[in-house]
Amino acid sequence: MLDRDQLLTIADQYGTPTYVYSESVILERIDRLRFHLEGLPLQLLYAMKANHAVPVMETMRDKGLGIDAVSPAELLLALRLGFKPERILFSANNMTDEEMRMAHEAGVILNVGELSRLEKLGKEFPGSSVCVRLNPQIGAGHHEHVITAGEKSKFGIPVEHIDRIVDVAQRYDLRIRGLHQHIGSGILDTETLWKAISVILDASRSFDTLDFINVGGGLGIPYRPEETGLDMELFESLIVSPLKSFIASHPSKNLSIWFEPGRYFVAESGVLLTQVNTIKHSTQRIFAGTDSGMNHLIRPAMYGAYHEVRNLTHPDGPVATYDIVGNICESADYFARDREVAHLTEGDIVGVMNAGAYGISMASTYNMRSLPAEVWVDVNNKATEVRKRKTAKDIVDEALSSGN
Ligand SMILES: Cc1ncc(COP(=O)(O)O)c(C=O)c1O
């Protein structure tokens, strides 16, 4: 992990608010997952929605990962960065005809989650190959908003409709070359993950043309001090070993298993640096006001998510309880509530930890405030700024030039 001195130097050099990412942490997480999946015919994809900063993407590419892309811009960025089309899965939600054509022409793998889209693909590109996203009717995740399977979920074709998938495929001579599921995000419960995987494995026996089964992402990380992360021994015995036996007995030959995590690879690599500029003693609480906010890291406001907050400037002071809040005009604008942190004074730099996933990628310019800067720290500890903060004038010029 990035050490305190290094983070303070970066805050000094590039100002705040700034996201900092560590390449070493990302490399370690990729190697760690590969280690636990050893022996499986495997392809790892990276769900770039977690963080599409260019050096993050380049690291994934150089480590041989493919990409899970969910929008035309994600797809184009992956292609422009040199990811091979055959390693890009395009899983756009409510895919349009235009998006379907674009992905088809680019030669990437279309991942279709609706029967009506499968039908449209068949009509326009009969004889083509496709991956189908299933809903195994078992969902999981750190918050109800991130559960992406189950009867209330909009994602995937219900596994009960396998016959309909087979029917459409036969009518248009489509080759179902992949089955996919992704049941949610931030999952630390290996048993539920396995239950969902076994549903799609059972369903896959209806197909003898499969090249891969993509069991999705969703692997959780420890955000809270009392959390220990995924139990990788259990993961191996409960998921990896059965997957190995399953593959050996499958009617499709040369079948491989794909995983597509986002958070697992990048969450712990990132820190959001922000400066405390206002200490307010109210009647009931102490507010530590910062120069960042929910527009930069929306996870606490959106999911009640926990991020550790560290006083980097004065880490050894007596602990006090704070609400650490942002500068946005919303009451949900906080990083932490009732949180014990080493005594904060105005001017202190704090680090909001484990912010590498779904931080910058979910950030906005709400209240006409700039996105944070982003700094990449490579394996040799060299820091490079990969995104600059905009000035208020830049933002206003942009608004006026686009006629808003
Ligand atoms: C289809 C799909 N795959 C993979 C992911 C990555 O999830 P995570 O970052 O939890 O691994 C997501 C996240 O929403 C997703 O929608």
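Note that the coordinates shown come from a computational prediction; the quantities given were computed from them, not determined experimentally.

(A) The arrangement of helix H3 (residues 54-62) in detail. When H3 is considered as a whole, its buried residues turn out to be Pro55, Val56, Met57, Thr59 and Met60. One or two residues past the end of H3 sits glycine 64, with phi positive at roughly 85°.

(B) Examining the nonpolar core more closely. If you look at the biggest cluster of nonpolar residues, it comprises 101 residues, and the most contacted ones within it are Tyr46, Met60, Phe235 and Phe265. Residue assignment places this core across two domains, with domain 1 (23-262) and domain 2 (267-394) each supplying three or more. Look past the residues within four positions of tyrosine 46 in its chain and what remains in contact with it is Asn51, Val56, Met57, Met60, Leu65, Gly66, Ile67, Asp68, Pro261, Gly262, Phe265 and Val266.

(C) Layout of a negative patch on the surface. A cluster of acidic side chains, namely Glu38, Asp231, Glu233 and Glu236, defines a negative patch on the protein surface. When you line up the elements, glutamate 38 lands in the loop between helix H2 (23-36) and strand S2 (42-47). Its relative accessible area of 55% is what places glutamate 38 among the exposed residues.

(D) Structural view of helix H8 (residues 190-204). Helix length check: H8, at 15 residues, gives a terminal C-alpha distance of 21 Å against a target of 21 Å (1.5 Å per residue), a fit within 8%. Next to the buried residues of H8 lie strand S6 (129-135), helix H7 (162-171), strand S8 (175-180), strand S9 (212-214) and helix H9 (232-248). Backbone nitrogen of glutamate 191 and a side-chain oxygen of the N-cap are separated by 3.1 Å at the start of H8; the cap is aspartate 189.

(E) Structural view of the packing of aromatic side chains. Under the criterion given, the structure shown has five aromatic pairs. Judged by centre distance (3.7 Å) and plane angle (10°), the ring pair of phenylalanine 212 and tryptophan 258 falls under stacked. Highlighted residues: phenylalanine 212 in strand S9 and tryptophan 258 in strand S10 (residues 256-259), separated in sequence by 46 residues. Of the residues examined, phenylalanine 212 reaches a relative accessible area of 0% and is grouped as buried. Every member of this aromatic cluster is reached through a ring pair, and the members are Tyr46, Tyr264 and Phe265. The side chain of arginine 337 reaches across the aromatic face of tyrosine 334, ending 4.0 Å from its centre.

The rules behind the values
- Residues numbered from 1 in each chain as written.
- Predicted model: local features only at pLDDT ≥ 70, side-chain atom pairs only at ≥ 80, totals over all residues.
- Heavy atoms only, no water.
- Buried < 20%, exposed > 50% of the residue type's maximum accessible area, 1.4 Å probe, protein only.
- Helix = DSSP H or I, 4+ residues; strand = E, 2+ residues; numbered from the N terminus.
- Core = buried A, V, L, I, M, F, W, Y, C linked by side-chain atoms within 4.5 Å.
- Domains from an automatic or database assignment.
- Contact = heavy atoms within 4.5 Å.
- Patch = residues over 30% accessible without salt bridge, like charges linked within 9 Å, V, L, I, M, F, W, Y side chains within 5 Å.
- Areas by Shrake-Rupley, 256 points an atom, 1.4 Å probe, with all protein chains shown as cover.
- Salt bridge = Lys/Arg side-chain N within 4 Å of Asp/Glu carboxyl O.
- Lys, Arg positive; Asp, Glu negative; His and termini not counted.
- Charge placed at Lys NZ, Arg CZ, Asp CG, Glu CD.
- Expected span 1.5 Å × (residues − 1).
- Polar contact = N/O pair within 3.5 Å; in protein donor to acceptor, adjacent residues only side chain to side chain.
- Phe/Tyr/Trp six-rings, centres within 6.5 Å; stacked < 30°, edge-to-face > 60°.
- Lys NZ or Arg CZ within 6 Å of the ring centre and 35° of its normal.

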